[in-house]
Amino acid sequence: MNKKIVGVVLALVLIASLLAGCAGQPAASASASAPAAATSADAAKTAAASSAAVTASASGIQVGIVLPTKDEPRWIQDETRFKSILDQAGFTYQILFSQGSSATEKTNVETLISKGIKVMIICPQDTAAVASTIDEAKKAGVISIGYDRLITGTDSLDYNVGFNSESVGVAQGQYLVDKATGTGNPLYLYAGAMSDENAFVFFKGAWSVLQPKIVDGTFVIKNSSEALKVKDTKDLTREQMAAIIGQITTNWDFNVAKSKAQANLTAVKAADKGNVFVLAPNDGTARSIADVFAADKDVKSYVITGQDAEKASIQYIIDGKQSMTVLKDTRNLTTAAVEMAKQILTGKTPETNSTFNNGKKDVPMMQLAVVTVTEDSVKKDIFDSGYYVATDFKGVN
Ligand code: BGC
């Protein structure tokens, strides 16, 4: 509860300071905003395959944004929120998508550098492979802000803005723990992509609460021999975690998630099904996995986690097909990232509230809180908060 209040207060402070900043913007930036708004609309119509919005003025672009893929609703939503906040803030900007390719990502960054960006907000496809691209941006004098995903292995990364990813995993694991009674409950584990540091942090958080409940017999892991090997270990090494995630990865891909769930259910006996518990790392994969479990005649019931509060998953929750999701409010995240960019562009030191060690340095970070959403809290957390409009959903009273 306290965390939620802190999150809301933080968001309000950020929004207020962003608006205040807009009003008091220097003439040079303010004048850049007028052509920006016009070219944004025009360019959006003729956007190239990888480009979502182009707001270049003759003098160049101030803020470059690189997002991982258009194939997941999550990132499209970030794009939409960025556009409205940046238009309002009056910055010239361009948003490019890397479509799951580190090579495209590098080209995108180089394109943005060539257009004169001063600040880059980047959510990489591969959080380790992007290090050399961040180095390249640094050499070109660009300040880099990691967005949502934790970028590792470079001291060129200037800032990060994101959520408390460990708490996402804890929320998922805790939900399963709270729903389980008795012993011997079948547990199926799934994780994100090996190339995404966040996937490790989410799993770490989930394992921290699930592992004691595996040891005491509440849960029995059914789909990971690697997790079974280390079930007595609370604090896993990187190697142990990599071995598990290597086995249960969805690669953040709906189809991989689906085929992995199908293979898992085919490999076990009817007795390993019944009333099952599923750790699904995010909403897209949760919906795929939930559909597979729902279709299996030996699965009597399932409890399944998620993350992102994607629209389709809110509908799944309303329909009783997904049990929970973790809301990572993209309004707050985009606002925090733009606020950071604004502070950099106006020569100030961005406000941060934590750091994360990326293997090379302690990266100053603005870390935001997350909210667990269940069928009982959809109204309050999603509709009343204005995140989505209730009339966009079926079966809402
Ligand atoms: C993000 C999640 C997202 C996942 C797949 C993670 O790094 O934190 O919000 O669902 O990537 O794109």
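Calculation notes
Residues numbered from 1 in each chain as written. Predicted model: local features only at pLDDT ≥ 70, side-chain atom pairs only at ≥ 80, totals over all residues. Helix = DSSP H or I, 4+ residues; strand = E, 2+ residues; numbered from the N terminus. Contact = placed C-beta atoms within 7 Å. Near = placed C-beta within 6 Å. Nonpolar A, V, L, I, M, F, W, Y, C, P; charged D, E, K, R; others polar. Domains from an automatic or database assignment. Buried ≥ 20, exposed ≤ 12 C-beta atoms within 10 Å, placed from the backbone. Core = buried A, V, L, I, M, F, W, Y, C linked by C-beta atoms within 7 Å. Pairing = 2+ DSSP bridges. Arc of directions from axis to C-beta. Axes fitted to C-alpha atoms, helices over the stretch in contact; angles between N-to-C directions. pLDDT = per-residue confidence, 0-100.

Some words on the overall build of the chain
Thinking step 1. For the chain, the count of helices and strands is 14 helices and 14 strands.
Thinking step 2. A separation of at least 24 residues holds for 73% of the contacts in the chain among residues at least 6 apart in sequence.

Looking at the site of the ligand
Thinking step 1. Taken together, Glu72, Arg74, Asp148, Arg149, Gly192, Asp196, Asn198, Trp252, Asn282, Gln307, Asp308 and Lys328 are the residues near the ligand.
Thinking step 2. For the shell around the ligand, the class distribution of residues is 1 nonpolar, 4 polar and 7 charged.
Thinking step 3. Residues from two domains meet in the shell around the ligand; each of domain 1 (41-157 + 330-368) and domain 2 (165-328 + 372-392) gives at least three.

Examining unusual backbone geometry
Thinking step 1. Within the chain, Gln99 stands out as a residue other than glycine whose phi angle is a positive 50 degrees.
Thinking step 2. Along the polypeptide, Gln99 turns up in the loop between strand E3 (93-97) and helix H4 (102-114).
Thinking step 3. Backbone geometry places Asn251, a non-glycine residue, at a positive phi of 55 degrees.
Thinking step 4. Relative to the helices and strands, Asn251 is located in the loop between helix H9 (238-248) and helix H10 (254-267).
Thinking step 5. Using a count of 18 C-beta atoms within 10 Å as the deciding quantity, one classes Asn251 as partly exposed.

Considerations on the nonpolar core
Thinking step 1. Judged by nonpolar contacts, the single largest core of 103 residues is most densely connected at Met120, Val278 and Ile289.
Thinking step 2. At 8 residues, the largest contribution of residues to this core is made by helix H7 (residues 197-215).
Thinking step 3. Taken domain by domain, the makeup of this core includes at least three residues from each of domain 1 (41-157 + 330-368) and domain 2 (165-328 + 372-392).
Thinking step 4. With residues near it in sequence (within four places) discarded, Val278 still touches Tyr188, Ile289, Phe293, Tyr302, Val303 and Ile304.

Observations regarding the environment of Val299
Thinking step 1. Assignment of secondary structure puts Val299 in strand E10 (residues 299-304).
Thinking step 2. By C-beta crowding, Val299 is classed as partly exposed, having 19 other C-beta atoms within 10 Å.
Thinking step 3. In this structure Val299 touches Lys273, Val276 and Phe293, once residues within four positions along its chain are discounted.

A look at the pairing of strand E13 (residues 362-368)
Thinking step 1. Counting buried residues along E13, 5 of its 7 residues qualify, which places the element largely inside the surrounding structure.
Thinking step 2. When strand E6 (residues 159-163) meets E13, the two strands line up parallel, connected through 4 bridges. What sits directly across from Phe163, in E13, is Leu368.
Thinking step 3. Where strand E12 (residues 354-357) and E13 come together, 4 bridges link them in antiparallel fashion. By the bridge assignment, Asn357 is partnered in E13 with Asp362.
Thinking step 4. Linking E12 to E13, which pair antiparallel, is a turn of 4 residues; within it Gly359 sits at a positive phi near 95 degrees.

Some details on helix H5 (residues 131-139)
Thinking step 1. Residues of H5 that are buried: Ala131, Thr133, Ile134 and Ala137. Taken around the axis of H5, the buried residues stretch over an arc of 160 degrees, which confines them to a single face.
Thinking step 2. Backbone geometry just after H5 places Gly141 at a positive phi near 85 degrees.

Describing the sheet that holds strand E9 (residues 274-279)
Thinking step 1. The strand order across the open sheet built from 4 strands is E8-E7-E9-E10, with neighbouring strands paired in parallel fashion. The open sheet has two free edges, formed respectively by strand E8 (219-221) and E10, since each of these has just one partner strand. Recorded for the sheet is a direction-independent mean angle of 35 degrees between the axes of neighbouring strands.
Thinking step 2. Where strand E7 (residues 185-189) lies against E8, 3 bridges are found, and the strand directions are parallel. Each bridged residue has a counterpart across the sheet, and for Leu187 the counterpart in E8 is Ile221.
Thinking step 3. Sheet contacts for helix H11 (residues 283-295): E9 and E10; angle to E10, the most-contacted strand, approximately 165 degrees.

Some remarks on the environment of Phe277
Thinking step 1. Checked against the element boundaries, Phe277 lands in strand E9.
Thinking step 2. It is 7.2 Å that separates the C-alpha atoms of Phe277 and Asn185, two residues lying 92 residues apart in sequence.
Thinking step 3. If we ignore the near neighbours within four places in the chain, the residues touching Phe277 are Leu176, Ala180, Asn185, Pro186, Leu187, Phe219 and Val303.

Describing the confidence of the model for the chain
Thinking step 1. Per-chain confidence: the chain averages 88 in pLDDT, with 85% of residues scoring 70 or above.
Thinking step 2. Averaged pLDDT values for the elements of the chain fall to 28 in helix H2 (residues 27-45) and rise to 99 in E7.

Re H9
Residues separated by three or four positions in an α-helix point in the same direction, a consequence of the helix having 3.6 residues per turn.
Thinking step 1. Residues of H9 that are buried: Met241, Ile244, Ile245 and Ile248. End-on, the buried residues of H9 take up no more than an arc of 95 degrees, which puts them together on one face. Exposed and oriented more than 90 degrees from the buried face of H9 are Glu239 and Gly246.
Thinking step 2. On its buried side, H9 packs onto E7, H7 and helix H8 (225-229).

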